[in-house]
Amino acid sequence: MRLDVVTVFPDYLAPLRLALLGRAVDRGIIEVGVHDLRAWTHDVHKSVDDTPFGGGPGMVMRPTVWGDALDDLVPQTDTGLTTGPAASDPDSRPLLIVPTPAGRPFSQSDAHRYARRRRIVFACGRYEGIDQRVVDEASERMDVEEVSIGDYVLIGGEVAVLVIAEAVVRLLPGVLGNRRSHEEDSFSDGLLEGPSYTRPEIWRDRPVPDVLKSGDHARIARWRRDESLRRTAERRPDLLGGAPLSAADLQTLAELGWEPPEG
Ligand SMILES: C[S@@+](CC[C@H](N)C(=O)[O-])C[C@H]1O[C@@H](n2cnc3c(N)ncnc32)[C@H](O)[C@@H]1O
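This structure is a prediction, so every number in the text was calculated from the model and none was measured.

Quick rundown of the sheet that holds strand β5 (residues 94-105)? Include the residues and the values.
Read across the sheet, 5 strands follow the order β2-β1-β6-β5-β7 without closing on themselves; strand pairing throughout is parallel. Either end of the sheet is taken by a strand with one partner, and the two such strands are β2 (31-36) and β7 (143-148). Within this sheet the neighbouring strands show an average axis-to-axis angle of 25°, counted without direction. Where β5 lies against strand β6 (residues 119-123), 4 bridges are found, and the strand directions are parallel. Bridging across to β6, Leu 95 finds its partner in Ile 120. Each of β5, β6 and β7 touches helix α3 (residues 108-115); the most contacted strand, β5, lies at about 170° to it.

Rendered as structure tokens:
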């Protein structure tokens, strides 16, 4: 997978080359390109923004600079929407991701979808965001998604890109090494993961739950599932309606006072 990030603060993306992401780069699992948007400016001040039409506070990022950057990074011949082998294989087409608080909420299922892509280009907004025509025009010639990482407003798109990139790259084969499968993580089965424990067995008078030391794998699995259900019911009951639930799960949830939504 190749990741390209366009930003006015290239240094902000340093974590793409650190820790597990850095190891994925070293192992050739991902390639990373970080591009300074100002390279596509033509004026002496290298300005990337201008005042908003219609008035209002703040500045808007110029379509001219963004358009040139995207034309260079994703030439018409590479978009794969109409010609070439990519036309019949959506995952081989480049995907442009534009982080914005006004986007669709990013979720684990998006991370799985993005992990199948061969190339993702991220456009980091700043100020009041990017002139909408950049997204509208790009959408006519490539796959584009505007995504939000949560219901709050950040200063710029760089942190959102790091969030999305980390969620996606850890799903790629070989990235987590011999760590247990990401299939057991929160959201993968539609639920939150329950609590985890390690040595010592007793810490500050707090023992590890006995069942985890029993060696009885079936009991441990049931306990973990029940804790996962309990935590989800307490913290994210909205997830329960969409999660696949067994009869035993429904019994646990009934004991917790949760009832399936009607209909
Ligand atoms: C100050 S924000 C712009 C907010 C915009 N005026 C609005 O109200 O929707 C500047 C940039 O930060 C990024 N950003 C801020 N919050 C975000 C979020 N929740 N998810 C993804 N990106 C976000 C986007 O790249 C955005 O263009």
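Describe α3, with residues and values.
Along α3, the residues that are buried comprise Gln 108, Asp 110, Ala 111, Tyr 114 and Ala 115. Along the long axis of α3, the arc covered by the buried residues comes to 155°, so they all point the same way.

How would you sum up the packing of α3 against helix α5 (residues 158-169)? Please name residues and give values.
Packing of α3 against α5 leaves a shortest axis separation of 8 Å and a crossing angle of 70°. Regarding the angle of α3 to α5, the classification is roughly perpendicular. In this structure, the crossing between α3 and α5 has a hand that is right-handed. On α5, the residues touching Ala 111, Tyr 114 and Ala 115 of α3 are Ile 164, Ala 167 and Val 168. Within the contact of α3 with α5, the residues separate by chemical class into 6 nonpolar, no polar and no charged.

Quick notes on the rules
- Residues numbered from 1 in each chain as written.
- Predicted model: local features only at pLDDT ≥ 70, side-chain atom pairs only at ≥ 80, totals over all residues.
- Heavy atoms only, no water.
- Pairing = 2+ DSSP bridges.
- Helix = DSSP H or I, 4+ residues; strand = E, 2+ residues; numbered from the N terminus.
- Axes fitted to C-alpha atoms, helices over the stretch in contact; angles between N-to-C directions.
- Contact = heavy atoms within 4.5 Å.
- Buried < 20%, exposed > 50% of the residue type's maximum accessible area, 1.4 Å probe, protein only.
- Arc of directions from axis to C-beta.
- Parallel < 35°, antiparallel > 145°, perpendicular 65-115°, else oblique.
- Left-handed = near helix turned anticlockwise from the far one by under 90°.
- Nonpolar A, V, L, I, M, F, W, Y, C, P; charged D, E, K, R; others polar.

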